[in-house]
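# Residue-level structural notes
Now for the letters of each chain:
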Amino acid sequence: MNDVDFIHAFETGKFPPEQFNHKAHIKLAWVYLDRFDEETAISKTCVAIKNFDQLHGDGTKFHTTLTIAAVKVVHHFRQKSKATTFDGFVAEHPRLITSFKELLSQHYRKNALADPKAKTAYLEPDLLPFS
């Protein structure tokens, strides 16, 4: 599925829920960052995932801090990337898929993301800022 079809399917609720895994979450951030500035990409990613959770879940799975952190991490790596496609980007930075929790552990203390506040409001990193 190309990026335009991916975004359209996701935003209209036609993306198969069983395929919305971590890699799809990272792709969503990548595609929005390809088209918008970081702030807009964060907003669009949050809205899209909240809506997706309402359509295909019970509306309780969205995690504000994880979603914003994912966009910020993807943005960081995009600035260093020469890739023009998502697959090329992931090939350059496979840790975004294979070791994402480890990447976040450089920015957040062990239990910070488990804090109930982190689910509903963005918590700034308590170890290392993203920028």
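Everything below is about the structure printed above this text.
Here goes a summary of the coordinates provided. These figures come from a predicted structure and were not determined experimentally.

## So, the packing of aromatic side chains
Taken as a whole and judged by the stated rule, the model has eleven aromatic pairs. A ring pair is formed by Phe 10 and Phe 52, whose centres lie 4.5 Å apart and whose planes are at 10°; its orientation type is stacked. In this pair, Phe 10 sits in helix α1 (residues 3-11) while Phe 52 sits in helix α3 (residues 38-56), placing the two residues 42 residues apart along the sequence. You can call Phe 10 buried: its relative accessible area is 2%. By relative accessible area, Phe 52 is classed as buried at 7%. Here the aromatic cluster, defined as three or more aromatic residues joined through ring pairs, consists of Phe 6, Phe 10, Phe 15, Phe 20 and Phe 52. A cation sits over an aromatic face here: Lys 27 above Phe 6, 4.8 Å from the ring centre.

## Some words on the packing of helix α2 (residues 22-35) against α3
One way to put it is that α2 packs onto α3 with a least axis distance of 9 Å and a crossing angle of 140°. Between α2 and α3, the angle falls in the class oblique. Here α2 and α3 pass one another in a crossing that is right-handed. Every residue of α3 that contacts α2 at His 25, Leu 28, Ala 29, Tyr 32 and Leu 33 is listed here: Glu 38, Ala 41, Lys 44, Thr 45, Ala 48 and Ile 49. Considered class by class, the residues forming the contact of α2 with α3 number seven nonpolar, two polar and two charged.

## A word on the environment of Lys 80
On the secondary structure map, Lys 80 appears in helix α4 (residues 64-80). Classification of Lys 80 as exposed rests on a relative accessible area of 54%. The spatial distance from the C-alpha of Lys 80 to the C-alpha of Glu 92 is 9.7 Å, given a sequence separation of twelve residues.

Analysis parameters
- Residues numbered from 1 in each chain as written.
- Predicted model: local features only at pLDDT ≥ 70, side-chain atom pairs only at ≥ 80, totals over all residues.
- Heavy atoms only, no water.
- Phe/Tyr/Trp six-rings, centres within 6.5 Å; stacked < 30°, edge-to-face > 60°.
- Helix = DSSP H or I, 4+ residues; strand = E, 2+ residues; numbered from the N terminus.
- Buried < 20%, exposed > 50% of the residue type's maximum accessible area, 1.4 Å probe, protein only.
- Lys NZ or Arg CZ within 6 Å of the ring centre and 35° of its normal.
- Axes fitted to C-alpha atoms, helices over the stretch in contact; angles between N-to-C directions.
- Parallel < 35°, antiparallel > 145°, perpendicular 65-115°, else oblique.
- Left-handed = near helix turned anticlockwise from the far one by under 90°.
- Contact = heavy atoms within 4.5 Å.
- Nonpolar A, V, L, I, M, F, W, Y, C, P; charged D, E, K, R; others polar.

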